[in-house]
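# Per-entry structural report
Listed below, chain by chain, are the residues.
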Amino acid sequence: MYQQYFGLKEAPFSIAPDPRYLFLSDKHREALAHLIYGVGDQGGFVLLTGEVGTGKTTICRCLLQQVPDNADIAFIINPKQSINQLLQSIFNDLGIHYEKGETSKDLIDHLNRYLLEAHARGRNTILIIDEAQNLSPDVLEQLRLLTNLETNEKKLLQLVLLGQPELNELLSKPELRQLAQRVTARYHLTPLSKAEIIDYIEHRLSIAGCRSELFSAAAVNKIYSLSKGVPRLINLICDRTLLGVYATNNDQATPKIVSNAAKEIFPAHTPFNWRPVWFSLMVAVMMVVASFAWKDYRNTIVIIEADIDSLIAPAGTESIATLPAEKNVTEPFSFLTSEQTYAQVVTALYRLWGYQTGSAEVDCGLDQNPAPDVFCVASITSFEQLIAYNVPAALELKGRQGASFNLLLQSVSDSVAMLVSNNETYEIPMTQLTELTLVNSTILTRIPALVKLPIQPGDSSDAVAWLHRFVGDSNPGNNHNNSESVDLVAVPVVDPPDVTTGLNKAAHIYAHRLEFDSAVDNVYDQELANTVKVLQQQLGFRPDAIVDRALLSALTLQMHQSDPVLIVDNSQEG
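Bear in mind the structure is a predicted one, so any value in this text is a computation, not a measurement.

### Topic: unusual backbone geometry
Of note in this structure, Asn422 is not a glycine but carries a positive phi near 55 degrees. Along the chain, the position of Asn422 falls in the loop between β9 (416-421) and β10 (424-429).

Okay, structure coming up:
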């Protein structure tokens, strides 16, 4: 209705998953990288969770465009089925013949034969289940059993589960612990930030042919406040807002128009009638008062009638009778409590990387950096961010009762964390570790924390200059190798310039500033883009020349294979 008024080719904020309008934020790119890694050759379960409308299905559609040609995919969008019905749906997608009335055992036998034959032909089979939080525990356990079929090198069925946060709660149940341990990659997708919403709206308007600014900055702030960064809600609000702008014959959306549009989308809340509640509360209070009065009256009678000698407690028993019940003050990790300081744990982290320190206590902010070729990043307060960096970390944790623990998180394998405390090693389930509060953590990485990501062709910045050197190191055959010099200077930095670094913007962060010689090229030119595309193809990434954290992490692991990593795959051991 409003397209002609604004000169648009089509409605820019349809909620239909049109691939032309695909917008990948840093979060979406990182989630996609986890999925691509998870459906690699190792097999197992891949988990992508997020609130309703955050873009899980969109990312999955993007994944489908990037799977190799030798992949056969079954995509289940209605998981509320019995195991027999689910197997039939899988057979329909994969083109497997089955007879009506066959039992679950018959179908599973058919599927096993199909997987073996597909593997012999060099085919990979991937099962993707959307809205997986609706799967019953019994069906999930059957899916786990399907992944038992494997060769010496890999599992023959790869599963991708997409779902709302309730899926994590479902997998944390004790009866599903075996399945949870088979999750090889997981990512929780969060809503867009305010800066990402601006880019999101501009992206969709430009695809639709818009040549003017239809949303004021104040209107975008209002959209962010109302949508909480959820893309589906952003689409609904923006679509109805443009209709409101058209109806009022305006040129640009205002906060008032956005608010009116939101009222038409979100259901109105009827005022709650408190009168019955107050009446019920008054009745309850009167009953409690009457109950206590009767109890006191009966106790008085009992004391009067009792033998006076029976009121004298035996020696040594009075304290037991009068003391309150003992509280359980045991912390889940009380056996790890020690006198070691957080700086000592950071020192152990440096030594894990192979760097000898001259002091027993090292921190990120020292002028004399003991590891000049890596970057020290502190103030990470999210376990999800630590998993994304995929390197060991020094942890400062706080328990439910307030006890503090300074530990080294050395590795995670099969959802079990290996922790080091005073040179002693402990294995703790990640589900228990994440119950504690992560007060602070420090990592070492070869990626500068202040490099703003993503880096794209056409950019001109110090980050591009660093990328020239980094790509030259990872691919010595090109022209970007060791002719330039980069001086790394360790300085404390407060408030990094962009939250896309994955760090808490309000935190006090120590990182490294890059100072480049003038000879270093700081323009992302076509030559550099071609080099990045080759590296992306070699690592299995989409060759779009866009450099994000997932690509840099993969390049780092390829260049420095002796570097310690956090996620360890022990499926091939033994």
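### Observations regarding the packing of helix α10 (residues 217-227) against helix α11 (residues 231-247)
Running from N to C, α10 and α11 point in directions that differ by 130 degrees, and their axes come no closer than 9 Å. Taken together, α10 and α11 sit at an angle that is classed as oblique. As α10 runs across α11, the sense of the crossing is right-handed. Residues Ile223, Leu226 and Ser227 of α10 touch α11, and the partners they reach there are Leu233, Ile234, Ile237 and Cys238. Grouping the amino acids of the contact of α10 with α11 by side-chain chemistry returns six nonpolar, one polar and no charged.

### Some details on helix α4 (residues 83-94)
Under the 1.5 Å per step criterion, the end-to-end length of α4 is 16 Å for 12 residues, consistent within 8% with the ideal 16 Å. The set of residues buried in α4 consists of Ile83, Asn84, Leu86, Leu87, Ser89, Ile90, Phe91 and Leu94. Those residues of α4 hidden inside the fold are in contact with β2 (71-76), α5 (104-120), β3 (124-129) and α6 (137-146). Positive backbone phi, at 75 degrees, marks Gly95, one or two positions downstream of α4.

### Some words on the sheet that holds strand β4 (residues 157-163)
Ordered by their spatial adjacency, five strands build an open sheet running β2-β3-β4-β1-β5, and the pairing between neighbours is parallel. The open sheet has two edge strands, β2 and β5 (183-189), and neither has a second partner. The mean inter-strand angle of the sheet, taken between neighbouring strand axes irrespective of direction, is 15 degrees. Sheet topology note: the β3/β4 ladder contains five bridges and is parallel. When the bridges of β4 are listed, Thr125 appears paired with Leu157.

So, how was this worked out
- Residues numbered from 1 in each chain as written.
- Predicted model: local features only at pLDDT ≥ 70, side-chain atom pairs only at ≥ 80, totals over all residues.
- Heavy atoms only, no water.
- Helix = DSSP H or I, 4+ residues; strand = E, 2+ residues; numbered from the N terminus.
- Axes fitted to C-alpha atoms, helices over the stretch in contact; angles between N-to-C directions.
- Parallel < 35°, antiparallel > 145°, perpendicular 65-115°, else oblique.
- Left-handed = near helix turned anticlockwise from the far one by under 90°.
- Contact = heavy atoms within 4.5 Å.
- Nonpolar A, V, L, I, M, F, W, Y, C, P; charged D, E, K, R; others polar.
- Expected span 1.5 Å × (residues − 1).
- Buried < 20%, exposed > 50% of the residue type's maximum accessible area, 1.4 Å probe, protein only.
- Pairing = 2+ DSSP bridges.

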